[in-house]
Structures are given as C-alpha cells and as structure tokens.
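If you want the building blocks of each chain, they are given just below.
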Amino acid sequence: MTGPKDIHEYLGAFDDIPGTRVYTAARARQGYHLNQFAMSLMKAENRARWLADERAYLDEWPMSQEQKDAVLARDYNRLLDLGGNIYFLSKVFSTDGLSFVQAVSTMTGMNVDEYKAMMDAGGRSPKGVRSIKESY
Amino acid sequence: MTGPKDIHEYLGAFDDIPGTRVYTAARARQGYHLNQFAMSLMKAENRARWLADERAYLDEWPMSQEQKDAVLARDYNRLLDLGGNIYFLSKVFSTDGLSFVQAVSTMTGMNVDEYKAMMDAGGRSPKGVRSIKESY
Amino acid sequence: MARITAGIASSHVPLLGVAADTGKDRDAYFDPIFAGYDWTREWIAKPENKPDVVILVYNDHASAFDMKIIPTFAIGCGERYKPADEGWGPRQVPDVEGHPDLAWHIAQSLVLDEFDMTIINEMDVDHGLTVPLTMMYGAPEAWPAKVIPLAVNVVTYPPPSGNRCWALGEAIARAVQSYGEDLKVHVWGTGGMSHQLQGQRAGLINAEWDNMFLDGMVGDTQALRFIPHIEYLRETGSEGIEMVMWLIMRGALGRETKALHRHYHVPCSNTAIGHIVLEPVDGTVPPSPTLEGNNGAAQAAI
Amino acid sequence: MARITAGIASSHVPLLGVAADTGKDRDAYFDPIFAGYDWTREWIAKPENKPDVVILVYNDHASAFDMKIIPTFAIGCGERYKPADEGWGPRQVPDVEGHPDLAWHIAQSLVLDEFDMTIINEMDVDHGLTVPLTMMYGAPEAWPAKVIPLAVNVVTYPPPSGNRCWALGEAIARAVQSYGEDLKVHVWGTGGMSHQLQGQRAGLINAEWDNMFLDGMVGDTQALRFIPHIEYLRETGSEGIEMVMWLIMRGALGRETKALHRHYHVPCSNTAIGHIVLEPVDGTVPPSPTLEGNNGAAQAAI
Ligand SMILES: [Fe+3]
Ligand SMILES: [Fe+3]
C-alpha cells in the first residue's frame, strides 16, 4: 500500500466514503455564494430580512436556481451536493430554530426520534460504511 | 559567527542599523491604531472627511496625543518612532498629493532637491551605515 | 522562563455551551458529560495547576472567517476577543482576554521556524473556543486565564497534516521556552472526537478508534502524527478530522506524557465527547532545523 | 501537463505605474527604465513564450490587508481581482483575471506539502501586482495572461526566511507539474531591488549587492536561499527585503537556470530597478518529503 502521490490521488479517495461529501475545492467553488449567503445570516438584521421574505433575500445572491430551491426546501443533502458546507448551512437551520441533531437527522432518512435513539445507543457504527469499494 | 538562536537575538540585531526602524511586533502594537487610521484614507469618503477637519477625524481613533500631533505635523520620523509603518503612512502623504520621493526626503534632513540629486547620482551609499557598532 | 505545564484535550460541541448557559448541565442527558469534567475543574482551580495563559487550539466554524479568506494556521495576537454571533445571538459569557506579548513572541518565533502563520489582531471567537473554557472553568465573572487563540482550518480540504500539526506543537514549545517572563502555559487541543454532521452517514461514532486515539496521546509514541486524513474520514466521520488539532497540543508537550485524567462519553448531540488531561514527563522537543540563520550553510553563505 | 517555462523578476515601484498611466514612460527620466523592458515585451509577445498563466509573487502594501490580518503566504483562488485604491484612486488598468482551477490545485497541493497557506477568494490587488503586468505587457485592453496572485508578508517582521521562500517555489513546481491541462506557466518574483523608504538612511542603494543577487539567480548555485534577513536590511535598505520574493520564483525554476535578459538601473523614485528573465535549464526540484501519507512511516502507522 502506498499513499497518495499528489492532490488527485488524495482527493480521489474521498469519493469512496458512503453517504459523505468532503468539502474540497471543487465543492467550495460550486457552493461559494450559497455558503456566503448562509454566512450572512450571522447578522441579526439579515436574519430579520431573510425571515420576512426568503425568496427576495435569496435573489440578492448569485446562486443557481437549484441552490435557491434547495435552500427554500431545506433539502440539506441536496445542498451538500450543490457545494454547501454544513457549518455554513448551520446558519440557516439555526435561524429556523433547529438544533444540529434536528437538522442533521433530516439527511439520514430517519425521523428525529429514530436518529436520537440511534445516538443514545452509541451512534452509527462505522462497520460497512468506511469504504464503498472495499465495503468494510 | 553564529546566527540568532531565537527571536530575541534575531530582533536585537535590528537596533544596530543606523537611521532605520524595522517594523517589528513591538512597533506594530504601538502603532496599531495609527496605522489603521492611515489605512482608512484608502476610501474616498474618508479622505474627504479627513481633509475637511483633520483634528476631528483623528479624534475618532484611539491614538496617543503624541501620535496625533505627529500626524498633524507630518513628522514622519517621529511617526516611525511611534509605531507607524511607511506603507500605511503613505496613505497620509498620498492624500496630501505628495510622491514617495517628496515624503521620504523629509526624513533625511535634506531638502527634496538635494535628495533627488543624491538619488540621481546613484543613491545613498551603504558605506558606514550598515552597522552602528561595527561602523562599516 | 515560561513553561508548558499541561495539555488538555476536549470536544467543543456547541450544545454544551447551550446546556451550561441554560442551566441544564446537570440534567439526566448532560450530567454524564459534565461529570467527567469535575476532576479537571477541581484540579485547574488549584494554584499550582492554574495556567496564566492558555494557547487554545480550535477551529472557526464559519464564524470569524468566511470563504473570502481561509488561513491554515491563524494566531490571535490581539488584546481581547468577543464571543461570536453564530446565528442565535452571541453566548453570554465573558470576553476572552488575550496575551498579546506572548502571542506575538510565539508568532514571530514560529515564522522564523518556517511556519507560515497568519497573524490576527481582531476577530470574534465561536463555540470552538468558548465551550472548552466553559467546560474547564464553569461560569466565572471573568475567565481565570489569558488566552491565545490558535485557529486551524479543518473545514476546507485539505486541513494541515497530522505531522504538520505535531511539528507546530514542537515549535510552539520552543517558542514558549524562549519567553523571558515566568508564566505557566497550557496548550489545549479541542474538537472531535468522532462525529459526522452531514449526509446519509451522519451520526457515525467509533468508540474503539477514539479510544485508540486517546491511548496514543499518552507516553512516548508518535504514531498518531502519521495518521492520514482519509483514515479520520473513514473511521471517525467527516468532522472527526478536528482531532488533528489535538496533535498540536500533544506535540507541544514533548517527548513523553502522562495522563492525569481521562473521560469518554457517547453521545452529546451528534458527537462522541473525549477529554484528557496530560502532563509532560519529558518535555524535550527537537531543536529547530530551520531557525533563520541558525545553521552552518546559512553562515557559510554570508 | 502544465509546465513552468520561465521566471521573471522585476521591481514594482508604484511610480512606474504612474509614468505608464500618464504617458511619461519615454521621457528622459523614465526611458532608461522602460527601455530595459523592451526586450521582454517583444519576447513575451511571441506565441512560444507567451504564458497562459502567471503565478505572480508580490506583496500587498497595506492595501488588501491591514493590521487586522497578516498572512505570511496568501494564494488567490478567485475569478478576478480589481486594482486597489491606494489613496489616489484605483489605477485605470484592466481587472486581473484569475485561474481558480490551477490556483486551487496549487493551494491544495501546497497544504499537503506542509505549507501553511492562506486561501483568498476575494481581494483587490495593488501596485505590487499591477505594475509588473504593465512593465511586461504595456497597456492592453485586457491582460494577455491569467494571473494567480501569491501575496507574501514582507512588511511586518519577520517575513518568511529566504530558505522557506525557495522551498515554496520548489513545492509550486511540483504542484504545477501534477496539473493535468497543458498550460505554459510563468512564475514572476517582484519587488526590490535595494531601497529604503524611511528614516535618516532613506535613499540607500547598493548596486554591488544587487548585482551579486542578480548573479545568484543564474546557474545552479543556491547561495541566495541562505541570506539572513539582517543582511538584506543592512546591505539593501529596509525595503530591500522584498527580494526574498524573487527566491520563490527562483526555487520554482529548479536545479539550474539560464538568464535570457538582464536589466539594472538607478534610480526610480527611491529605488534600484532590477529585472531578469530566466529559463529553466534543468527544472528538477526535490521530491516532497512531506506529502500526506506519502512516506513509509505514515503507511506503517495505518
Ligand atoms: Fe468543531
Ligand atoms: Fe513593494
């Protein structure tokens, strides 16, 4: 076994992890304005404007239509696919009054009670979800 | 001859250069607000306010009285002693419409024509101004 | 002479701040977590253990830094830092007082030592920095130690390698040792342990791996410094990568450590809580290979 | 595969921008300066020499960065950059177009290679970056190459060591070589040569030392990488330290270089103008000792 020789090999391995999007440059570029929009919700005055008219607020940002729709739908898996990063997106769900557990559970296909029960029982086991190719 | 073993030795050597203030942390800390004030003059609206009432503009900054007086007097050597950095201070003399040669010459004890003549003749020789202690 | 007297690692889950700030820290859910810090709170209150300054290694979670600027290693040299508004108003905790003199000394030393530091003079600090203070100190009027924030990028890939983090710790130790004033300095590494906050695999916890990592913090092994990023990702979830920040702390403690206290609990929100208090047994770190001018080749060339 | 085909060094005195922008570049004062760039303008216009991308190493002069944040090495990964207003309105020159794809590739590679980069996505660029473009290209409608800005702190002490700068150049060369698209890449090092803009010693010029430095850029010697900061300060004035940025360019050209063109003139404003065009003779750079996971110890530990 040899390690990655350059950034291509290094990054290539990330696609082999099930149900996980690593926030690489490619994602950071795709999601640039999406994440900057989310970041803007750290300011109380922006949160007020956003809550008053979400669509109008989104239209101030050079985001794709897909990104805007996914934000309005709070479809976090889709937002990850479109370049969102969870720490940036957290400003959106915090503004909604959701906790990390509530928001994160929406990405897993479980409801929040099932998700909480899994966490209380020790969390999701890494068994079988470490690698797609080698399924271990 | 051995090199500096740590930051103290490294910095200590800087005091041995005649007529020169190296912009170290100590100076950066002392001159923090002085330099930030100067930086603010990069914006056209700030330049206008500054030109309208220099003293009032300075009083918006948490600078020492000495620093403010030296700015008003355009005493650049004094400003260097008080933690100013020349690239920040350049915003002040640019706003005055002075070139680097005009402003820099004021620190040398020469008038601008003498200074220009020195530069045209090849500049100031390093001979004898490399080191205070070893005067070479 | 300033001395590194201890290293502390701790998770920094934002929910712990919420629990402490709303008086829920001893309810059925949170008590098993906070109880694991009781030992540390008592220990750190004793005059002989109390640090004058904490070098607090953490990561900013899209609070002080947005996508416009992403420093790999940023050291806070400012006078003070306010708690950040992370979307629900700033935490009602004391401002964090800096130690600009030591911070600048370390920053300057690290650059001479060929670490490409970003110097920060003004920023707000988020839960990554304030939650560990709460865990160690509770809710005092003012934080009992001055703090030098050391923010590490672990959000945008690639973060620094484990080896680079460990080496940064070693360089921090050299810098602290060359500071004249007699100060007790702690280095805290925060974040982790296993957690994944995103995607279908969210909620991943790997208690076995986490405990292997806790084991690796103790003694004279340096195995942890060579773990590649992909292993953190596969084994500990996408946010488990925060543990590289613990290696800065570990590197700063030198050749050999002893564990004074250890605590592990699952879950807190989506995360495995890990906490360890370490003491240097042998604080030796390698000499700088790189200090400006401090080598034969440099001198021969002059 | 992308290739580094040439390295260019040049002073970046703001007055050169003023002269070019106001049509004074061929008057008695400026002609001897600009005439030294005629060779380069002709050479770089030829299709075989024209770079697709320029990695432009420069320093910000209190324009994009104030004292709040001071990155040692910042790499611009953005789409485009506007000329900064440095106190007399922005220069009326074209916007600078970036190459985000190559820039991010280099940034990511450098972090893996244990350089602690700061990534910048939005900033304005000052005379340090736009004056060299003017010197090489004149006044076109749009700059003929894409530009990756690489901003180095040489204002607040300590700047990076000469050795660190050279090593960064070597790592840039490795990164460029691992980029898939067939691109011709230049690395430009800017700033210098001897000048001092402050204090009673202002106006210092050391033509002998500057020419020693120009000599050292050529061939296979690495003597320049070991010059300590104090020597730049004593010999070349307080702002001569900008020359460490030339070492990034030199390091990126590999084991051995050949000079195609060389120009030196005193004065321009307070400064000695130096300019050299280099071609790699043997572009070999050492392999990365540090690439994440790319060593036996790392693999043994997994
Ligand atoms: Fe965190
Ligand atoms: Fe410059």
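Since we're looking at a predicted model, the values are computed, not measured.

Enquirer: Looking at this structure, I do not really get the coordination of the iron ion (ligand 2). What am I missing?
Expert: For a metal with four tetrahedral donors the ideal donor-metal-donor angle is 109.5 degrees, while six octahedral donors give ideal angles of 90 or 180 degrees. Residue and element names in this part refer to chain D. Looking at the iron ion (ligand 2), the protein donor atoms are His12 (NE2), His61 (NE2) and Glu242 (OE), and they sit 1.9 to 2.1 Å from it. In primary-sequence terms, the residues that donate to the iron ion (ligand 2) follow H-x48-H-x180-E. Residue His12 is found in the loop between strand E1 (3–10) and helix H1 (14–21), and its partner Glu242 is found in the loop between helix H7 (229–236) and helix H8 (244–252); the two are separated by 230 residues along the sequence.

Enquirer: Teacher, can you tell me more about the coordination of the iron ion (ligand 1) here?
Expert: The coordination sphere of the iron ion (ligand 1) contains the protein donors His12(C) (NE2), His61(C) (NE2) and Glu242(C) (OE), at a distance range of 1.9 to 2.1 Å. Expressed as a motif, the donor residue spacing for the iron ion (ligand 1) is H-x48-H-x180-E.

Enquirer: Can you help me understand the UniProt feature "domain: Extradiol ring-cleavage dioxygenase LigAB LigA subunit" (unreviewed entry) in chain A in this one?
Expert: The positions UniProt marks with the feature "domain: Extradiol ring-cleavage dioxygenase LigAB LigA subunit" (unreviewed entry) are residues 34–119 of chain A. End C-alpha atoms of residues 34–119 of chain A are separated by 30 Å, and the span's content is 69% helix alongside 0% strand.

Enquirer: How should I be thinking about the sheet that holds strand E7 (residues 118–120) of chain C in this particular structure?
Expert: The strands that make up a sheet pair up through hydrogen bonds in the backbone, lying either parallel or antiparallel. The sheet built from nine strands is open, its strands ordered E11(C)-E12(C)-E1(C)-E10(C)-E2(C)-E9(C)-E4(C)-E7(C)-E3(D) with mixed pairing. Across the chains shown, the open sheet's two edge strands, defined by having one partner strand only, are strand E11 (256–268) of chain C together with strand E3 (69–71) of chain D. Sheet twist, expressed as the mean angle between neighbouring strand axes with direction ignored, is 15 degrees. By the bridge criterion, six bridges tie strand E2 (residues 53–58) of chain C to strand E9 (residues 146–152) of chain C in an arrangement that is parallel. Following the sheet pairing, Ile55(C) is matched in E9(C) by Ile148(C). Across the face of the sheet, helix H7 (residues 207–216) of chain C comes into contact with E11 and strand E12 (271–282) of chain C while running at roughly 160 degrees to E11(C).

Enquirer: Sorry if this is basic, but what is going on with the pattern of salt bridges here?
Expert: Two side chains with opposite charge may pair up if their charged atoms get near one another. Residue and element names in this part refer to chain D. Per the stated rule, a full pass over the model turns up 52 salt bridges over all chains. Ionic pairing is found between Arg91 and Asp21, a salt bridge with its closest N-O pair at 2.8 Å. Residue Arg91 is found in the loop between strand E5 (80–83) and strand E6 (96–97), and its partner Asp21 is found in helix H1; the two are separated by 70 residues along the sequence. With relative accessibility at 12%, the residue Arg91 sits in the buried group.

Enquirer: Would you mind going over the nonpolar core with me for this structure?
Expert: The tendency in soluble globular proteins is for nonpolar side chains to be buried as a group. If you look at the biggest cluster of nonpolar residues, it comprises 215 residues, and the most contacted ones within it are Phe37(A), Phe37(B), Phe213(C) and Phe213(D). Apart from the residues within four sequence positions on either side, Phe37(B) is in contact with Trp50(B), Tyr57(B), Leu58(B), Trp61(B), Met63(B), Val71(B) and Val92(B). In terms of nonpolar packing, the next biggest core, distinct from the first, is built from 74 residues, Ala19(C), Tyr58(C), Ile44(D) and Met123(D) among them.

Enquirer: Explain the state of the cysteines here, please?
Expert: Note: disulfide means a covalent bond formed between the sulfur atoms of two cysteine side chains. Tallied over the full model, the rule gives zero disulfides over all chains. Looking at the unpaired Cys77(C), the closest cysteine sulfur is the one in Cys165(C), lying at 18 Å.

Enquirer: Explain helix H6 (residues 207–216) of chain D here, please?
Expert: One turn of an α-helix holds 3.6 residues; hence residues three or four places apart share an orientation. Residues and elements named next belong to chain D. Of the positions making up H6, those classed as buried are Trp209, Asp210, Phe213, Leu214 and Gly216. All buried residues of H6 fall inside an arc of 160 degrees around its axis, so they share one side. Turning to H6, the residues buried within the fold contact H7, H8, strand E11 (256–268) and strand E12 (271–282).

Enquirer: Honestly, the packing of aromatic side chains in this entry has me stumped. Any pointers?
Expert: What characterises a pair of aromatic rings is the spacing of the ring centres plus the angle enclosed by the ring planes. According to the stated counting rule, one finds 32 aromatic pairs over all chains in the structure shown. Three or more aromatic residues link up through ring pairs in this structure, and these residues are Phe37(A), Trp50(A), Tyr57(A) and Trp61(A).

Enquirer: What am I meant to see in the side chain of Asp126(D) here?
Expert: By the secondary structure assignment, Asp126(D) is in the loop between strand E8 (124–125) and helix H4 (127–137). Lacking a salt bridge, the buried Asp126(D) has Lys91(B) as its closest oppositely charged neighbour, with an N-O distance of 5.8 Å. Here His61(D) takes part through its backbone nitrogen, which lies 2.7 Å from a polar atom of the side chain of Asp126(D). At 2.9 Å, the side chain of Asp126(D) forms a polar contact with the backbone nitrogen of Gly128(D). With residues up to four places along the chain from it excluded, the contact list for Asp126(D) reads Tyr58(D), Asn59(D), Asp60(D), His61(D), Ser63(D), Ala84(D) and Glu86(D).

Enquirer: Could you clarify how one ought to interpret the interface of chain D and chain B in this entry?
Expert: Taken together, the contact pairs 44 residues of chain D with 49 residues of chain B. Of the roughly 4,000 Å² buried between chain D and chain B on both sides combined, carbon and sulfur atoms contribute 59%. Ranking the residues of chain D by area buried against chain B places Met67(D), Gln200(D) and Arg234(D) at the top, with a combined share of 18%. Taken together, chain D and chain B are joined by three salt bridges. Between Arg234(D) and Asp16(B) there is a salt bridge, and its shortest N-O distance comes to 2.8 Å. Joining chain D to chain B, the criterion identifies 26 residue pairs in polar contact (both at pLDDT 80 or more). When residues of the side of chain D that touches chain B are traced back to their parent elements, those giving at least two are H7 and E11 of chain D. It is H7(D) that contributes the most residues to the side of chain D that touches chain B, five residues altogether. The residue inventory of the side of chain D that touches chain B, partitioned by class, reads 18 nonpolar, 17 polar and nine charged.

Enquirer: Where do I start with the sheet that holds strand E8 (residues 124–125) of chain C in this structure?
Expert: Residue and element names in this part refer to chain C. Taken together, the three strands give an open sheet; going across it, the order is E6-E5-E8, and neighbouring strands pair in mixed fashion. Both edges of this open sheet fall to strand E6 (96–97) and E8, since each of them pairs with a single strand only. When strand E5 (residues 80–83) meets E8, the two strands line up parallel, connected through two bridges. For Pro83, the partnering residue across the bridge sits in E8 and is Val125.

Enquirer: Explanation requested: the packing of helix H4 (residues 100–112) of chain C against helix H6 (residues 162–177) of chain C in the structure shown.
Expert: For any two helices packed against each other, one specifies the inter-axial angle together with the distance between the axes. Residue and element names in this part refer to chain C. Remark: H4 packs on H6, axes separated minimally by 9 Å, with the N-to-C direction vectors making an angle of 125 degrees. When the axis of H4 is compared with that of H6, the two are oblique. The two elements H4 and H6 meet at a crossing, and its hand is right-handed. Packed against H4, whose contacting residues are His105, Ile106, Ser109 and Leu110, the element H6 presents Leu168, Ala171, Ile172, Ala175 and Val176 at the interface. Across the contact of H4 with H6, the residue classes break down as seven nonpolar, two polar and no charged.

Enquirer: In this structure, what is going on with the domain arrangement of chain A? I would like to understand it.
Expert: Residues and elements named next belong to chain A. Domain boundaries assigned for chain A yield domain 1 (22–96) and domain 2 (99–136). Summarising the inter-unit geometry, the C-alpha centres of domain 1 and domain 2 are found 23 Å apart. Both faces combined, the contact of domain 1 with domain 2 buries some 530 Å², and carbon together with sulfur accounts for 79% of it. When the area that domain 1 buries against domain 2 is broken down by residue, the three leading residues are Tyr76, Asn77 and Phe93, summing to 68%. Our count for the contact surface shared by domain 1 and domain 2 stands at zero salt bridges. Applying the counting criterion to the domain 1 and domain 2 interface returns one residue pair in polar contact (both at pLDDT 80 or more). Mapped onto the side of domain 1 that touches domain 2, the elements with two or more residues apiece are helix H7 (76–81) and helix H8 (86–95). Residues belonging to the side of domain 1 that touches domain 2 are distributed by class as follows: four nonpolar, two polar and no charged.

Enquirer: Explain helix H10 (residues 112–120) of chain B to me, please; I cannot follow it from the model alone.
Expert: Taken as a whole, H10(B) has its buried residues at Tyr115(B), Met118(B) and Met119(B). Down the axis of H10(B), the buried set is contained in an arc of 100 degrees. They therefore lie on one face. Along its buried surface, H10(B) packs onto helix H9 (100–105) of chain B together with E11 and E12 of chain D. Among the residues of H10(B), the N-terminal cap falls to Asn111(B), whose side-chain oxygen and the backbone nitrogen of Asp113(B) are separated by 3.0 Å. Note on H10(B): the residue one or two positions beyond its end, Gly122(B), has a positive phi of about 110 degrees.

Enquirer: In this structure, what is going on with unusual backbone geometry? I would like to understand it.
Expert: For residues that are not glycine, phi is negative in most cases, and the peptide bond is trans in most cases. Cis geometry is adopted by the peptide bond preceding Pro267(C), which originates at Val266(C) and carries an omega value of -5 degrees. Summarising the element assignment, Pro267(C) is placed in strand E11. Omega for the bond connecting Gly192(D) with Met193(D) falls within 30 degrees of zero, at -10 degrees, which places this linkage in the cis form. Structurally, Met193(D) can be placed in the loop between strand E10 (184–190) and H6. Phi at Arg74(A) takes a positive value of approximately 50 degrees, unusual for a residue other than glycine. Here the phi dihedral of Glu114(D) falls at roughly 70 degrees; this positive angle occurs in a residue that is not glycine.

Quick notes on the rules
- Residues numbered from 1 in each chain as written.
- Chains lettered and ligands numbered in written order.
- Predicted model: local features only at pLDDT ≥ 70, side-chain atom pairs only at ≥ 80, totals over all residues.
- Heavy atoms only, no water.
- Donors = N, O, S within 2.8 Å, 3.2 Å for Na, K, Ca; no water.
- Helix = DSSP H or I, 4+ residues; strand = E, 2+ residues; numbered from the N terminus.
- UniProt positions renumbered as here; feature names shortened; annotations may be inferred.
- Pairing = 2+ DSSP bridges.
- Axes fitted to C-alpha atoms, helices over the stretch in contact; angles between N-to-C directions.
- Contact = heavy atoms within 4.5 Å.
- Salt bridge = Lys/Arg side-chain N within 4 Å of Asp/Glu carboxyl O.
- Buried < 20%, exposed > 50% of the residue type's maximum accessible area, 1.4 Å probe, protein only.
- Core = buried A, V, L, I, M, F, W, Y, C linked by side-chain atoms within 4.5 Å.
- Disulfide = S-S within 2.5 Å.
- Arc of directions from axis to C-beta.
- Phe/Tyr/Trp six-rings, centres within 6.5 Å; stacked < 30°, edge-to-face > 60°.
- Lys, Arg positive; Asp, Glu negative; His and termini not counted.
- Polar contact = N/O pair within 3.5 Å; in protein donor to acceptor, adjacent residues only side chain to side chain.
- Buried area = accessible area lost by both parts, 1.4 Å probe.
- Nonpolar A, V, L, I, M, F, W, Y, C, P; charged D, E, K, R; others polar.
- Parallel < 35°, antiparallel > 145°, perpendicular 65-115°, else oblique.
- Left-handed = near helix turned anticlockwise from the far one by under 90°.
- Domains from an automatic or database assignment.

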